[in-house]
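# Per-entry structural report
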Amino acid sequence: MPSAPRTAVDKALDLVEAVARASRPPRLTDLAEEVGLHRATAYRVLVDLVRRGWVLRADDRYLPGPAVLQLSSSAARNSLGALARPVLTELSERTGLMVNLQVPEVDRSRVIDVVRPDRLAMISSLTGQALPVHRFAGPLALVAALTAADRVPYLRAAEESGYPLDGPDGLLADVEEAERTGFAVEYGRNEQPVASLARAVVTRPGAPVCALTLVGLGPDFGEAGLPGLRERLREATDELARILSGPAASGTREDDEAGEDSGRTPAGPVSPSRPASPSPSPSTEGPA
């Protein structure tokens, strides 16, 4: 299937990301080549990005601009990881297990934070790694919380890897079970003798924000202890959903999102506003 043409937003974000991940400040030619744009097109987009503060030009090279640095500073305080960290820590302390936080990506989930007790130091934390749905409980819990249409890329990736979708041992059966129970369980499929239990954090039906996963050794998830772990995980994911939903009055957030989906102007902000172009300061000038 041919890819959709890139929009102006795609081109701008491609350039901002290329500047941010460069090992040294790149030139225009380097950026245009990396993101696959004509040099003249890349230049026009960069002019706007410099004007808005997303990119800083130094002679013939480009650096992350003050708007990027301001956004990074804000994200460090208000990111999903920062908001979720106390929940992860408490859940790990209550269960004695490793807890990770995963977010959905195009066809996998990515681990963005982990709390691991000393007794489980031998288990890989997988921090920063992208995990396929057919091998891990976290992405399985996320996929089970998606709409049928949004599950397709995850299922296709599993099928392309050779994992069966149909039959009693197929991935679809696992997804259906996780959807029915609200929990995904995995016993040693990725690494023996590691087991895990995951549940999605959902603030809007069909659109999970993230998942919390308990990870430990197989005996930790025995028949006697599993109900208690499910309850602790349920409490933690519900608490994180409340934190992410904020203190808005009942109905306000849903009404705002409905207005956004239907093209109406929401009554209040649903997401953080676009950062203004800040005045550069000595502490935010230069490469990130």
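Attention in this report is confined to the structure presented alongside it. (Residues numbered from 1 in each chain as written. Predicted model: local features only at pLDDT ≥ 70, side-chain atom pairs only at ≥ 80, totals over all residues. Heavy atoms only, no water.)

## Digging into the overall build of the chain
What counts here: Each helix is a run of DSSP H or I of at least 4 residues and each strand a run of E of at least 2, with the numbering of both proceeding from the N terminus. By definition, residues are in contact when any of their heavy atoms lie within 4.5 Å. In short, Shrake-Rupley with a 1.4 Å probe defines the accessible areas, and a residue's cover is counted only from the protein chains shown.
Of regular secondary structure, the chain possesses ten helices and eight strands. At a minimum sequence separation of 6, the contacts of the chain that also span at least 24 residues come to 54%. Accessible surface for the chain amounts to roughly 16000 Å². Of this, 53% is attributable to carbon and sulfur atoms.

## Observations concerning the nonpolar core
The tendency in soluble globular proteins is for nonpolar side chains to be buried side by side. Going by this rule: Put simply, buried Ala, Val, Leu, Ile, Met, Phe, Trp, Tyr and Cys residues joined by side-chain atoms within 4.5 Å make one nonpolar core. Under the scheme applied here, a residue whose accessible area is under 20% of the maximum for its type counts as buried, over 50% as exposed, and between as partly exposed, the area being computed with a 1.4 Å probe on protein chains only.
Leu101, Leu197, Leu212, Leu214 and Phe221 are the most contacted members of the largest nonpolar core, which totals 34 residues. Secondary-structure elements contributing two or more residues to this core are helix H5 (80-95), strand E3 (98-104), strand E4 (109-115), strand E7 (194-202), strand E8 (208-217) and helix H9 (226-245). Sort the elements by how many residues they give to this core and H9 lands first, with six residues. Ignoring any residue separated from it by four or fewer positions in sequence, one finds leucine 214 in contact with Leu91, Thr95, Leu97, Met98, Val99, Ala195, Ser196, Leu197, Phe221, Leu229 and Leu233. Core analysis: the second largest hydrophobic core is formed by 19 residues, Leu28, Leu37, Val55 and Tyr62 among them.

## Quick look at the packing of aromatic side chains
For any pair of aromatic rings, the description rests on two quantities: the centre-to-centre distance and the angle between the ring planes. Where we set the bar: Paired rings are identified among Phe, Tyr and Trp, the last through its six-membered ring, by centres lying within 6.5 Å, and are further divided according to the angle between planes into stacked (under 30 degrees), edge-to-face (over 60) and tilted (the rest). For a Lys NZ or an Arg CZ to count as sitting over a ring, it must be within 6 Å of the ring centre and within 35 degrees of the ring normal.
For the structure shown, the criterion picks out zero aromatic pairs. For arginine 199, the ring lying beneath its charged end belongs to phenylalanine 183, and the centroid distance is 5.6 Å.

## Overview of helix H6 (residues 137-144)
Within H6, eight of the eight residues are buried, which leaves the element mostly enclosed by the surrounding structure. Buried within H6 are the following residues: Ala137, Gly138, Pro139, Leu140, Ala141, Leu142, Val143 and Ala144.

## Re the side chain of arginine 199
We apply this condition: Polar contacts, as counted here, are pairs of nitrogen or oxygen atoms within 3.5 Å of one another; within protein the pair requires one atom able to donate a hydrogen and one able to accept it, and residues that are adjacent in sequence qualify only if both atoms are side-chain atoms.
Relative to the helices and strands, arginine 199 resides in strand E7. Overall, the relative accessible area of 15% leaves arginine 199 in the buried class. At a separation of 3.1 Å, a polar atom in the side chain of arginine 199 contacts the side chain of aspartate 238. The contacts of arginine 199, once residues within four sequence positions are left out, are Ala141, Gly182, Phe183, Ala211, Leu212, Leu233, Arg234, Thr237 and Asp238.

## Observations concerning empty space enclosed by the protein
Quick reminder of the rule: We place a 1 Å grid over just the protein atoms. Points where a 1.4 Å probe fits but has no way out form a cavity, open points with protein on both sides within 12 Å along at least 5 of 7 lines form a pocket, and any residue with an atom within 4 Å of a point lines it. Grid points are joined across faces, edges and corners, and a volume is the space filled by probe spheres set on the points. Each residue gets one of three labels, nonpolar for Ala, Val, Leu, Ile, Met, Phe, Trp, Tyr, Cys and Pro, charged for Asp, Glu, Lys and Arg, and polar for the others, Gly among them.
For the structure shown, the criterion picks out two cavities of 30 Å³ or more. The wall of the largest cavity is formed by 18 residues, among which Leu126, Phe136, Asn190, Val194 and Val215 lie closest to the centre. Those elements giving two or more residues to the lining of the largest cavity turn out to be E3, H6, E7 and E8. In terms of residues, the lining of the largest cavity owes the most to one element, E3, which gives three residues. By volume, the second largest cavity is sized at about 50 Å³. Every residue along the wall of the second largest cavity is listed here: Val133, His134, Arg135, Phe136, Ala137, Leu140, Asp174, Val185, Glu186 and Arg189. Among the secondary structure elements, those contributing two or more residues to the lining of the second largest cavity are H6 and strand E6 (184-187). Grouping the amino acids of the lining of the second largest cavity by side-chain chemistry returns five nonpolar, one polar and four charged.

## Notes on helix H8 (residues 171-181)
How we decide: Think of it as the arc spanned by the lines of direction from the helix axis to the C-beta atoms.
Along H8, the positions that sit buried rather than exposed are Leu171, Asp174, Val175 and Ala178. Looking straight down H8, one finds that the buried residues subtend no more than 100° of arc, so they occupy a single side. Facing away from the buried surface of H8 by more than 90 degrees, the exposed residues are Glu176 and Arg180. If you follow the buried residues of H8, they end up packed against H6, helix H7 (148-160) and E6. Remark: glycine 182 follows H8 within two positions and exhibits a positive phi of approximately 85°.

## Some thoughts on the pattern of salt bridges
The line we're drawing: Put simply, a salt bridge is a Lys or Arg side-chain nitrogen that is within 4 Å of an Asp or Glu carboxyl oxygen.
Under the definition given, this model contains 16 salt bridges. The shortest N-O distance in the salt bridge between aspartate 14 and arginine 6 comes to 2.8 Å. Among the salt bridges present, the one from arginine 21 reaches glutamate 34, with a minimum N-O distance of 2.9 Å. Placement of arginine 21 in helix H1 (residues 8-21) and of glutamate 34 in helix H2 (residues 28-35) is noted, with a sequence separation of 13 residues between them.

## Overview of the pairing of strand E1 (residues 55-58)
What counts is decided by this rule: A pair of strands counts as paired when DSSP detects no fewer than two bridges linking them.
Where E1 and strand E2 (residues 61-64) come together, four bridges link them in antiparallel fashion. From the neighbouring strand, alanine 58 faces E2, where its bridge partner is arginine 61. In this structure, the hairpin formed by E1 and E2 is closed by a connection of two residues, where aspartate 59 is found at a positive phi of approximately 60°.

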